[in-house]
Amino acid sequence: MPRIEIALSKIRHNAQLLSEHYGPKGISLMGVSKATLGNPDIAKAMIEGGVSFIADSRIENIQRMKSAGITTQFVLLRTALSQAEMVVRNVDISLNTELETIKQLSHYAKMHDTLHQIIIMVELGDLREGVLPCDLSQFIKAVLDLPHIKIIGIGCNLACYGGIRPDNKNMSNLSKLADSIEKEFQINLEIVSGGNSANYEWSESGKKLGRINNLRLGELILLGCETINRKAVPGLNLSAFNLIAEVIESKEKPSLPWGEVCQNAFGKVIIFQDRGIRRRVVIALGRQDVLVSGLIPDKDLEILGSSSDHIILDSNNYDYQIGSEVKFKLDYGGLLSAMTSPFIAKQMVDNYL
Ligand SMILES: *Cc1c(COP(=O)(O)O)cnc(C)c1O
């Protein structure tokens, strides 16, 4: 069975280094667990590293961590109307952008005799979630009428859908909005959550951080890279995750297929390049297991293509034995798919737990 090897000490190290880096700047961290399917051991490593919250987009992942005994403040990154009751019962804080949904949260919070905390997300140009800045004041006014909801902060999310870079302009806009909301409604916004792993570059730019006092970090903790240029961040470990698969065929073959060319299994006509006879390795891993474009092979291997259950690699004429293993690093999409795949075993490789 293919497996993903997870070095928890490296995840803890990254969380700790980032917590110690951002703490003195007045920025608290939410460790984002969604790319790991809410893996409780990974959440625990993040918490031991010093993150103050665990945030996930899926309530099922949060339930998984809670049943495994993880105790921290849980934040839901994506709130759906139909899940309002589950949200109130399972989550301390949720991110929200729709009044109808918040009304439902208030309804269930009343029913379960609790106060549900929310962070209101503001649209600052990336065009995923967010209340438009021009609507924010009215929106907050309406939410303040709901007795079982507490607004604990505002936030924004950039560089996800529209690919908009967090910069001095949009970050100081968020700060100004926090100031003006506090002034207008005489409330305290404890959390001003500036964004995700794409905010690293901005936070290092030497520009004023303003009111931003929280970041929600997934990829930066897990893979050690910021997400604007996918540059490694100094001191962070880049190899917490390795995907391992078995070689099931290793033969020298021509690099051009023969016979009449038609569509392949995925409806594509592939153009091949003639590189002469090459040693090719086939591994027991395919598109049903993982997002193949998210795999980063060791330097001597090159992915030539894949089908549902096989990946074909050029081995640079190195003779892999049948039954031997090849190793990949993963990008975010690769990590997300591997952690979600029922066919890939999750194996913790350091025994620090
Ligand atoms: C996924 C997500 C994050 C974390 O993003 P990374 O790029 O992994 O740091 C933060 N905030 C929200 C709202 C998200 O959906």
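Shown above is the structure to which this text applies.
Residues numbered from 1 in each chain as written. Predicted model: local features only at pLDDT ≥ 70, side-chain atom pairs only at ≥ 80, totals over all residues. Heavy atoms only, no water.

### As for the site of the ligand
Residues in contact with the ligand amount to 13 residues; listed here are only the nearest, K34, S197, R216, G218 and E219. K34 places a polar side-chain atom, nitrogen or oxygen, 2.7 Å from an oxygen atom of the ligand. At 2.8 Å from a nitrogen atom of the ligand is found a side-chain nitrogen or oxygen belonging to R216. Burial of the ligand by the protein amounts to 94% of the accessible area it has alone, namely 390 Å². For the shell around the ligand, a count of residues per class yields 4 nonpolar, 4 polar and 5 charged. (Near = heavy atom within 4 Å. Polar contact = N/O pair within 3.5 Å; in protein donor to acceptor, adjacent residues only side chain to side chain. Areas by Shrake-Rupley, 256 points an atom, 1.4 Å probe, with all protein chains shown as cover. Nonpolar A, V, L, I, M, F, W, Y, C, P; charged D, E, K, R; others polar.)

### Here we look at the packing of aromatic side chains
A full pass over the atoms with the stated rule returns 1 aromatic pair. Residue placement shows R287 over the ring face of F266; its charged tip is 3.7 Å from the ring centre. (Phe/Tyr/Trp six-rings, centres within 6.5 Å; stacked < 30°, edge-to-face > 60°. Lys NZ or Arg CZ within 6 Å of the ring centre and 35° of its normal.)

### Examining helix 6 (residues 136-144)
Buried within helix 6 are the following residues: L136, F139, I140 and V143. Along the axis of helix 6, the buried positions cluster into a sector of 95°, meaning they face one direction only. Turned more than 90 degrees away from the buried face of helix 6, the exposed residues are Q138 and K141. For helix 6, the elements touching its buried residues are helix 5 (99-111), strand 6 (116-121), strand 7 (149-155) and helix 7 (168-185). (Buried < 20%, exposed > 50% of the residue type's maximum accessible area, 1.4 Å probe, protein only. Helix = DSSP H or I, 4+ residues; strand = E, 2+ residues; numbered from the N terminus. Arc of directions from axis to C-beta. Contact = heavy atoms within 4.5 Å.)

### Quick notes on unusual backbone geometry
In this structure, L37 is a non-glycine residue whose phi angle is positive, near 60°. When its relative accessible area of 29% is taken as the criterion, L37 is described as partly exposed. Located in the positive-phi region is N317, a residue other than glycine, with phi close to 65°. Within the secondary structure layout, N317 lies in the loop between strand 14 (311-314) and strand 15 (325-330). A relative accessible area of 41% means that N317 is categorised as partly exposed.

### Digging into helix 3 (residues 59-67)
Among the residues of helix 3, I59, N61, I62 and M65 are the ones counted as buried. When helix 3 is viewed along its axis, its buried side chains cluster within an angular range of 155° and face the same direction. Buried residues in helix 3 make contact with helix 2 (40-49), strand 3 (53-56), strand 4 (73-76) and helix 4 (84-90). Residue G69 follows helix 3 closely and has a positive phi angle near 95°.

### Quick word on the pairing of strand 14
Taken together, the 4 bridges between strand 11 (residues 277-283) and strand 14 define a ladder with antiparallel strand orientation. The residue of strand 14 that forms the bridge with V281 is L313. Inspection of the sheet shows strand 13 (residues 302-306) paired to strand 14 by 4 bridges, in the antiparallel sense. Counterpart to E302 in the pairing with strand 14 is D314. (Pairing = 2+ DSSP bridges.)

### Digging into the pattern of salt bridges
This structure, assessed with the given rule, holds 15 salt bridges. E48 serves as the salt-bridge partner of R12, at 3.8 Å between the closest nitrogen and oxygen. Taken together, the residues span a long stretch of sequence, with R12 in helix 1 (residues 8-22) and E48 in helix 2 at a distance of 36 residues. For E48, a relative accessible area of 39% translates into the label partly exposed. Taken together, the salt bridges that share partners define one network made up of R275, R278, E302 and D314. (Salt bridge = Lys/Arg side-chain N within 4 Å of Asp/Glu carboxyl O.)

### Structural notes on the nonpolar core
In terms of nonpolar packing, the biggest core is built from 87 residues, with I4, I11, I120, F241, I283 and L285 touching the most fellow members. Here the element with the most residues in this core is helix 7; it accounts for 6 residues. When residues are assigned to domains, this core turns out to be shared by domain 1 (8-223) and domain 2 (241-348), each giving three or more. Residues within four places of I11 in sequence aside, it is in contact with I6, I42, A45, M46, I221, L222, A240 and F241. Membership of the second largest hydrophobic core comes to 12 residues, among which are M30, A55, M121 and I191. (Core = buried A, V, L, I, M, F, W, Y, C linked by side-chain atoms within 4.5 Å. Domains from an automatic or database assignment.)

### Focus on the side chain of N199
Among the secondary structure elements, N199 is positioned in the loop between strand 8 (191-193) and helix 8 (200-203). You can call N199 buried: its relative accessible area is 0%. Apart from residues no more than four positions distant in its own chain, N199 is found in contact with P166, M171, G194 and L215.

### Quick look at the packing of helix 6 against helix 7
The contact between helix 6 and helix 7 brings their axes to 11 Å, and the two run at 45°. With respect to helix 7, the element helix 6 is oriented oblique. Seen along the crossing, helix 6 lies across helix 7 with a hand that is right-handed. Contact residues: L136, S137, I140, K141 and L144 in helix 6; L177, I181, E184 and F185 in helix 7. Residue composition of the contact of helix 6 with helix 7, by class: 6 nonpolar, 1 polar and 2 charged. (Axes fitted to C-alpha atoms, helices over the stretch in contact; angles between N-to-C directions. Parallel < 35°, antiparallel > 145°, perpendicular 65-115°, else oblique. Left-handed = near helix turned anticlockwise from the far one by under 90°.)

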